[in-house]
Structure formats: structure tokens, C-alpha cells
Amino acid sequence: MKMKKITMMGMGLLCGVFFGCNSRTISDFIPGTYVRTVINEFSVGRDTLVIMAVSKPTYSIIHKGSYRQIKQGKLLPEKSILENWLATYDQSTGVLIERKKGKIISFNPSENILLVGSSPYKKIR
């Protein structure tokens, strides 16, 4: 019985260490610059997200982008986007939640990407 208790405590400790390290890995991964290229039948463009820690658990995100719509096979003039977002890190789920529009930003450090919804961005620094 005593051995079973020790084994269970050991497993609990191991899980705590594993999940604790995993959440620190994500929070350490978050700050940086991420890019995405968009090419489809309606437009071509590029997005950049620059994420900086403000204070735990708040992050500032600068969203810069440019795109050109395609109409009847022709590229229209380029348009630019510049937005500032604030997001809160939810440690239990490992995601950032953008406050104004409720965007969910998730991370995959092993693949060096983040997802805004289902749109992937590659971390470049």
C-alpha cells in the first residue's frame, strides 16, 4: 500500500513537472516576429505579427500587413493594414486571447508556428 502511494505521488510529480515545463516553453516561445504569405484566387499579400510581453499575462501585438486584391484576373493597388492588439495569455490552455475581437492565438513551438484561428504564421525571430 505504501509503495502504491509513493508510485502515485511520483507519477503526479512527473506530470506536474512535464506540464509545468510545457507551459513555460509556450510562454517563452510567444515573444517574437511571425510572418504569413497569402496567395489565393482573391488576393495576394503578407502579414506580420510582432508580439511583445507587456506584463504577465498581457502581450502587445502589432499586426502589419499588405495585400492586393485580384479582380477579373487583374491585381488592384496595394492596401496596407496596421493594428495594435492586446492579448492575455491563458496558462491553462496555452493560448493568447486577443481582447477586442476575441481572436484565439495558439502556438506550436516544435513546428515554430503560431495560429490565429486556423491561419498559420511562421516565427522568423
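Use the structure listed above.
Rules used in this analysis
Residues numbered from 1 in each chain as written. Predicted model: local features only at pLDDT ≥ 70, side-chain atom pairs only at ≥ 80, totals over all residues. Heavy atoms only, no water. Helix = DSSP H or I, 4+ residues; strand = E, 2+ residues; numbered from the N terminus. Buried < 20%, exposed > 50% of the residue type's maximum accessible area, 1.4 Å probe, protein only. Contact = heavy atoms within 4.5 Å. Areas by Shrake-Rupley, 256 points an atom, 1.4 Å probe, with all protein chains shown as cover. Core = buried A, V, L, I, M, F, W, Y, C linked by side-chain atoms within 4.5 Å.

1. So, the overall build of the protein chain
- When helices and strands are counted, the protein chain shows one helix and nine strands.
- The linear arrangement of helices and strands in the protein chain, starting from the amino end, is α-β-β-β-β-β-β-β-β-β.
- Taking all 125 residues of the protein chain together, the buried fraction comes to 30%.
- For the protein chain, long-range pairs separated by at least 24 residues make up 38% of all intrachain contacts whose partners lie at least 6 apart in sequence.
- Carbon and sulfur atoms make up 61% of the accessible area of the protein chain, which totals about 8800 Å².

2. Here we look at the nonpolar core
- Residues Ile-51, Leu-96, Phe-107 and Leu-114 are the most contacted members of the largest nonpolar core, which totals 17 residues.
- Elements supplying a minimum of two residues to this core: α1 (2-29), β2 (43-55), β3 (58-71), β5 (79-90), β7 (104-108) and β8 (113-116).
- When residues of this core are assigned to their parent elements, the largest contribution, three residues, is made by β5.
- Sequence-distant contacts of Ile-51, that is, excluding residues within four places in its chain, are made with Ile-30, Pro-31, Gly-32, Tyr-34, Tyr-59, Ser-60, Ile-61, Leu-96, Phe-107 and Leu-114.

3. Quick notes on unusual backbone geometry
- Cis peptide bonds are those with omega within 30 degrees of zero, and the linkage from Lys-56 to Pro-57 qualifies with -5°.
- Structurally, Pro-57 can be placed in the loop between β2 and β3.
- Even without a glycine there, the phi angle at Gln-72 is positive, about 50°.
- Note on placement: Gln-72 falls in the loop between β3 and β4 (74-75).
- By relative accessible area, which is 82% here, Gln-72 ends up exposed.
- For Asn-112, which is not glycine, the phi torsion reads 60° and is therefore positive.
- The residue Asn-112 is located in the loop between β7 and β8 in this model.

Note that all results are geometric; they support no functional claim without further evidence.
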